[in-house]
There are 2 protein chains.
Amino acid sequence: MRESEIIEFIKERISAHKQHLGIGDDCCVWQANGQQCLSSDAIIADVHFKKDDEPRLIGRKAAAAALSDLAAMGANAVGASLVYQCAEGWAHQEIIQGCIDELERHQCPLLGGDTVASATLGLSVTVWGEHGPAQRFVLRENGKIADVLIVTGSLGGSLKSGRHLKPEPRLMESQWLAQQDSVHAMMDLSDGLAADVPRMADASGCGSLILGNNVPIHEDVTQIGERLQAALCDGEDFELLCAVDAASWPQLKTEWPFQIPLTMIGMLNEEKGQHLLEDEFGKIRPLPKGFEH
Amino acid sequence: MRESEIIEFIKERISAHKQHLGIGDDCCVWQANGQQCLSSDAIIADVHFKKDDEPRLIGRKAAAAALSDLAAMGANAVGASLVYQCAEGWAHQEIIQGCIDELERHQCPLLGGDTVASATLGLSVTVWGEHGPAQRFVLRENGKIADVLIVTGSLGGSLKSGRHLKPEPRLMESQWLAQQDSVHAMMDLSDGLAADVPRMADASGCGSLILGNNVPIHEDVTQIGERLQAALCDGEDFELLCAVDAASWPQLKTEWPFQIPLTMIGMLNEEKGQHLLEDEFGKIRPLPKGFEH
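The rules behind the values
Residues numbered from 1 in each chain as written. Chains lettered and ligands numbered in written order. Predicted model: local features only at pLDDT ≥ 70, side-chain atom pairs only at ≥ 80, totals over all residues. Heavy atoms only, no water. Least-squares fit on C-alpha atoms with pLDDT ≥ 70 in both. Contact = heavy atoms within 4.5 Å. Pairing = 2+ DSSP bridges. Helix = DSSP H or I, 4+ residues; strand = E, 2+ residues; numbered from the N terminus. Axes fitted to C-alpha atoms, helices over the stretch in contact; angles between N-to-C directions. Salt bridge = Lys/Arg side-chain N within 4 Å of Asp/Glu carboxyl O. Buried < 20%, exposed > 50% of the residue type's maximum accessible area, 1.4 Å probe, protein only. Domains from an automatic or database assignment. Buried area = accessible area lost by both parts, 1.4 Å probe. Polar contact = N/O pair within 3.5 Å; in protein donor to acceptor, adjacent residues only side chain to side chain.

Looking at the relation of the copies chain B and chain A
Phase 1: Expressed as a screw operation, the relation of chain B to chain A combines 0.0 Å of axial shift with a rotation of 180°, fitting to an RMSD of 0.0 Å. Classification of the inter-copy transformation places it as that of a two-fold axis.
Phase 2: Of all interface residues in chain B, 100% are interface residues in chain A too; the two copies therefore contact each other through one and the same surface.

Written out as structure tokens, the structure is:
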């Protein structure tokens, strides 16, 4: 497939949007309402996916990983731009269709992008959004000392099971959370709790403690004896991590309207720069290192 | 260099911006004023640049090619996001520095991005902007029958001479042009007049005629006998093409306040879908095919 054919394929598959100028001009154009947020996320062959992965899921993963960054802010999706690096020997149409489908599933129109030849297949998805009903973005730097740390869903085993190819961006959940004043800080979990909890704690000027026995372990984790390690370090869960006012946690948990679990897994404290784990045996020790891609 | 080291390198080199939340959270955030426009542009090793090209110019080209798309709309740059695919054996720091320098030269802060490992070096730059003083974006679809076609600068020889690595995004010039009511349509020239004039004409529902003897040929074009062909088809000029009300052209040309030339090179007409060239010998013939990357 030539680049121009890929562009035609994309144009045919996306719907026109009244409020936007999409693919066809030098830029796409949209009407912004107040503050905007944006994130770019790339996935590359042999690093984030493999030759024998299902093509539609490759495209889906590219879109979902980017949308998860909007969820991390509590934002509404506005639009997306795709840079598609087409290497030979891949099912371009299915990959691109998987990406468009996932964007549209979250009401995020594909409005622009670029198609380039490359020796290595890659998809870079840029998504942008604006305030949802909460009228704020939830940053990761606003956690407070004595906040409890909570996560959506369950963690671990994503890479081995193939679940990493179909992450579920928590856009609905994050907008609900953003509307709760007790939610001080939020981010998405891409590299595992062991890497991401310190990031939130450091950004907030706090230390952290993870309660190992509280961490919700995904059923995809099959290894015996290393279940907690998997939940902490595997990464690519794309669940939400929040720092929440401790006194408000019972009410938040009670009012949580979604099927997926919401679990308290630790707390922030005043020991800035110190990140600890209370392990399965009640022993306090330094957090293991997280997963780096 | 590890990905985390590259991210640290980038963080150290960009300035904090009062109005924006930059690198460090899941998304960057900015305060939008009205309509926004956005473009993503990628350059890839062995396609858009070579191993022995100067590293800073590789980074500069990535930024400049993207910024040129903002110029094409008459937009003011607001921010940029860089997806850096780091393959082994390249001077990452210099490449990234070249990109940041070029963005900052055009008052465009780098606010976000992603760093990923890849077998092939690549830079995807997303830039976004908003209305300049003209309070409008100039689309390519608003050319009118009998408009004259004009270009900034001179064309051809960009690839052979290496000029393609240091394009000059025409942001100042485009904002001036956007303020002239007589400028109906605008785009940037990335693939050569022979490809880009038909694009503007088709988007505007018109036919086109290029006057070969009027096309400003760049001094980088050295081949004898194929000078017009080079100016029409070489591509990567990153100059501006506009459709302008014919009666207003003399005044526009007189008032043009910039050093670089502004030249009338053809016109739009009612022969929709027909794209012609009056060659050096006064003979009317079909346009040669443009350059496809």
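Digging into the sheet that holds strand 8 (residues 183–188) of chain B
Residue and element names in this part refer to chain B.
Phase 1: The mixed open sheet is built from 7 strands, whose spatial order is 8-10-7-11-9-12-13. The sheet is open, and its two borders are formed by strand 8 and strand 13 (284–286), each paired with just one other strand. Each adjacent strand pair in this sheet contributes to an overall mean axis angle of 30°, direction not counted.
Phase 2: Sheet topology places strand 9 (residues 207–211) next to strand 12 (residues 275–278); 4 bridges connect them, and they run parallel. What sits directly across from I210, in strand 12, is L277.

Some words on the sheet that holds strand 11 (residues 275–278) of chain A
Residues and elements named next belong to chain A.
Phase 1: Spatial ordering of the open sheet is given by 7-9-6-10-8-11-12, a layout of 7 strands whose pairing is mixed. Edge positions in the sheet fall to strand 7 (183–188) and strand 12 (284–286), since each of these pairs with one other strand and no more. The sheet shows a mean angle of 30° between the axes of neighbouring strands, taken without regard to direction.
Phase 2: Sheet topology note: the strand 7/strand 9 (residues 240–244) ladder contains 5 bridges and is antiparallel.

Some words on the pattern of salt bridges
Phase 1: As enumerated under the stated definition, the model contains 32 salt bridges over all chains in all.
Phase 2: A salt bridge links D237 of chain A to R163 of chain A, with the nearest nitrogen and oxygen atoms 3.0 Å apart. Of this pair, D237 of chain A sits in the loop between helix 7 (227–233) and strand 9 while R163 of chain A sits in the loop between helix 4 (158–161) and helix 5 (171–178); the two residues are 74 residues apart in sequence, bridging distant segments of the chain. Residue D237 of chain A shares its accessibility class with R163 of chain A, and that shared class is buried.
Phase 3: In this structure, R60 of chain B engages E168 of chain B in a salt bridge whose closest nitrogen and oxygen atoms are separated by 3.5 Å.

Examining the domain arrangement of chain A
Residues and elements named next belong to chain A.
Phase 1: One can read the domain layout of chain A as domain 1 (3–130) and domain 2 (140–286).
Phase 2: A straight line from the C-alpha centre of domain 1 to that of domain 2 covers 28 Å.
Phase 3: Taken together, the contacts link 21 residues of domain 1 with 17 residues of domain 2.
Phase 4: Carbon and sulfur atoms supply 58% of the area buried between domain 1 and domain 2, which totals about 1600 Å² over both sides.
Phase 5: Our enumeration of links across domain 1 and domain 2 arrives at 3 salt bridges.
Phase 6: For E168, the salt bridge is made with R105, and the minimal N-O distance between the two is 3.0 Å.
Phase 7: Summed over the shared surface of domain 1 and domain 2, the number is 10 residue pairs in polar contact (both at pLDDT 80 or more).
Phase 8: Of all the secondary-structure elements, those providing two or more residues to the side of domain 1 that touches domain 2 are helix 2 (55–71), strand 3 (75–86) and helix 3 (92–105).
Phase 9: Looking at the side of domain 1 that touches domain 2, the element that brings in the most residues is helix 2, giving 10 residues.

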